Amino acid sequence: MAKLIDGKALAETIRHEIASNVVDFYAQHGRRPLLAAVIVGKDPASHIYVRNKIKACDQVGIESRSFELPEDTTGNQLLESIRRLNESDDVDGILLQLPLPAHINKTRILDSISPQKDVDGLHPSNVGLLVQGRASLIACTPLGVIEALRRYDITLNGKNAVIVGRSDLVGKPLALLLMHENATVTICHSKTTNLPEVVSRADIVVAAIGKPAFVTGEYIKRDAVIADVGINVLKTEGEVVRIFGDAGKKIEDFRQGKSVLVGDVHPDAYAKSSMYTPVPGGIGPLTIAMLLRNTLVAAQTRLKI
Ligand code: NDP
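Not measured: the values here are computed from a predicted model.

J.: Please clarify how the packing of helix α6 (residues 140–151) against helix α11 (residues 283–304) should be interpreted in this entry.
T.: Geometrically, a packed helix pair is captured by the angle between its two axes and the distance between the axes. Put simply, α6 and α11 touch, their axes get as near as 8 Å, and they point 110° apart. In terms of orientation, α6 and α11 fall into the roughly perpendicular class. Within the contact between the two elements, α6 uses Cys-140, Thr-141, Leu-143, Gly-144, Val-145, Glu-147, Ala-148 and Arg-151 and α11 uses Ile-283, Leu-286, Thr-287, Met-290, Leu-291, Arg-293 and Asn-294.

Below you can see the structure in the form of C-alpha cells.
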C-alpha cells in the first residue's frame with residue numbers, strides 16, 4: 001500500500017533541530033539570525049506567504065523584519081532597498097517575495113541580492129555553485145524534496161528520476177540535486193513528446209507543473225515514488241467534482257467556500273506509488289523549513305568569514 005510522506009511532521013522535526021541550532025548560534029554570537037522579507041504590492045496570497053514565513057521564523061527563534069513596499073515602487077527604489085539590506089550588518093538573509101509587479105524587472109532585482117544573503121538560492125552565483133555541487137544556499141523547494149526523500153530512506157543512487165517542469169525555482173535546481181545524488185535524471189516540459197511514456201519509466205516522479213491533477217495513474221510505474229510539488233487552488237465546482245468526485249469532504253468544503261487544494265498529480269495516482277507526498281502537507285511545509293535552514297546557514301557562513 002502506498003505510504004504517505006508526512007511533510008508536515010517532518011517539517012516540525014526539522015524546525016526543532018533548527019531551533020536548537022539557533023540557541024547555539026545565540027550562545028556563540030550573542031544575537032539571533034535575521035531574515036529580511038521584502039514584499040512589493042498588495043497581492044493577498046503573497047502577503048499570506050510572507051506572514052507564514054515570518055511566523056515560522058518566530059517559532060525557531062530566528063528574527064525577522066518585513067519590508068512592505070507599495071505597488072508603484074520603481075525598480076530603482078527596490079534596488080536601493082535591497083542595497084541597504086545587503087549592506088546591513090544585522091541582516092543575514094534577504095527574501096524577496098515573488099511575483100513582483102509587472103513593471104519591475106525581476107531578474108535585475110534578484111541579481112542584486114548579495115549571494116551570501118540569498119536564502120532563496122536564486123542568485124546566478126549560487127546556481128553556478130549548485131551546478132558544481134558546492135552551493136550552500138540552494139532553492140528551498142528542491143531542497144525540501146531532497147530532504148523528504150532522504151529522511152524516508154528513499155534510495156536515489158542509480159534510480160531513474162523524471163521531473164516534469166523546468167523552472168529556475170524548482171525543476172532545474174532539483175535536477176542538479178538529484179544528479180548529485182547519483183540518480184539518472186530526465187527533465188520534461190511542455191514541449192516533451194510522449195510525456196506519459198517518459199514519466200512511466202521513472203522510479204522517482206517529481207511533478208512541478210502548476211496544473212491541477214495533471215499527472216494521472218497512467219503516468220506512474222507501479223511502486224514509483226511521487227514527489228508532488230504542485231499547489232493548485234481549485235476554482236470551479238466542476239474541477240473539484242472531476243478530481244474528487246461529487247460526494248465527500250472536498251466538495252462539501254468547496255460548497256462552504258473553503259479553499260480546496262490539489263497537487264499536480266491526480267490523487268488517484270498516489271495509489272500506484274510506494275510512497276508519495278500529499279497536497280497539502282507534503283513539500284509545502286518542507287519548503288518553509290528549508291528557508292529557515294538557509295537563513296541559519298547564511299548567518300553561520302557570514303560570521304565565519
Ligand atoms: P512554472 O510555471 O515556473 O513552471 C512550470 C513548468 O511546468 C514549466 O517548465 C512548464 O514547461 C511545465 N509545464 C507546463 N505545462 C506542461 C505540460 N502540459 N506538460 C509538461 N510540462 C508542462 O512553475 P513553478 O516551477 O514555479 O511551480 C510549479 C508548481 O509548483 C506550481 O503548482 C506551484 O504552485 C508549485 N510550487 C510549490 C511550492 C511549494 O512550496 N510546494 C514552491 C514553488 C512552487 P515550459 O518550461 O515548457 O513552459
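Here the narrative resumes.
J.: Sorry if this is basic, but what is going on with the sheet that holds strand β4 (residues 93–96) here?
T.: In a beta sheet, neighbouring strands pair by backbone hydrogen bonds and run either parallel or antiparallel. With respect to topology, three strands assemble into an open sheet ordered β3-β2-β4, the strand pairing being parallel. Because the sheet does not close on itself, it has two edges, and the strands there are β3 (63–69) and β4. Sheet twist, expressed as the mean angle between neighbouring strand axes with direction ignored, is 20°.

J.: Could you clarify how one ought to interpret the environment of Ala-271 in this entry?
T.: Secondary-structure assignment places Ala-271 in the loop between β10 (261–262) and β11 (275–276). For Ala-271, a relative accessible area of 55% corresponds to the exposed category. Separated by 193 residues in sequence, Ala-271 and Leu-78 place their C-alpha atoms 47 Å apart. With residues near it in sequence (within four places) discarded, Ala-271 still touches Ala-2 and Arg-222.

Analysis parameters
Counting restarts for each chain: residues are numbered from 1 in the order of the written sequence. Residues qualify for local features only when their pLDDT is at least 70, as the model is predicted, and side-chain atom pairs are given and counted only at 80 or more; totals for whole chains, interfaces and linings, by contrast, use all residues. Processing note: side-chain calculations cover all non-hydrogen atoms of the structure and skip hydrogens and water entirely. The angle between two axes is taken between their N-to-C directions and runs from 0 to 180 degrees, where each axis is a line fitted to C-alpha atoms and a helix contributes only its stretch in contact. A run of H or I in DSSP counts as a helix once it spans at least four residues, and a run of E counts as a strand once it spans at least two, with each numbered from the N terminus. Any angle that falls under 35 degrees is termed roughly parallel, while one over 145 is termed roughly antiparallel, one within 65 to 115 roughly perpendicular, and all others oblique. Any pair of residues with heavy atoms lying within 4.5 Å of one another is described as a contacting pair. Note on pairing: DSSP must find at least two bridges between two strands before they are called paired. Only protein chains enter the calculation, and the probe is 1.4 Å; a residue is then buried if its accessible area is under 20% of its type maximum, exposed if over 50%, and partly exposed in between.

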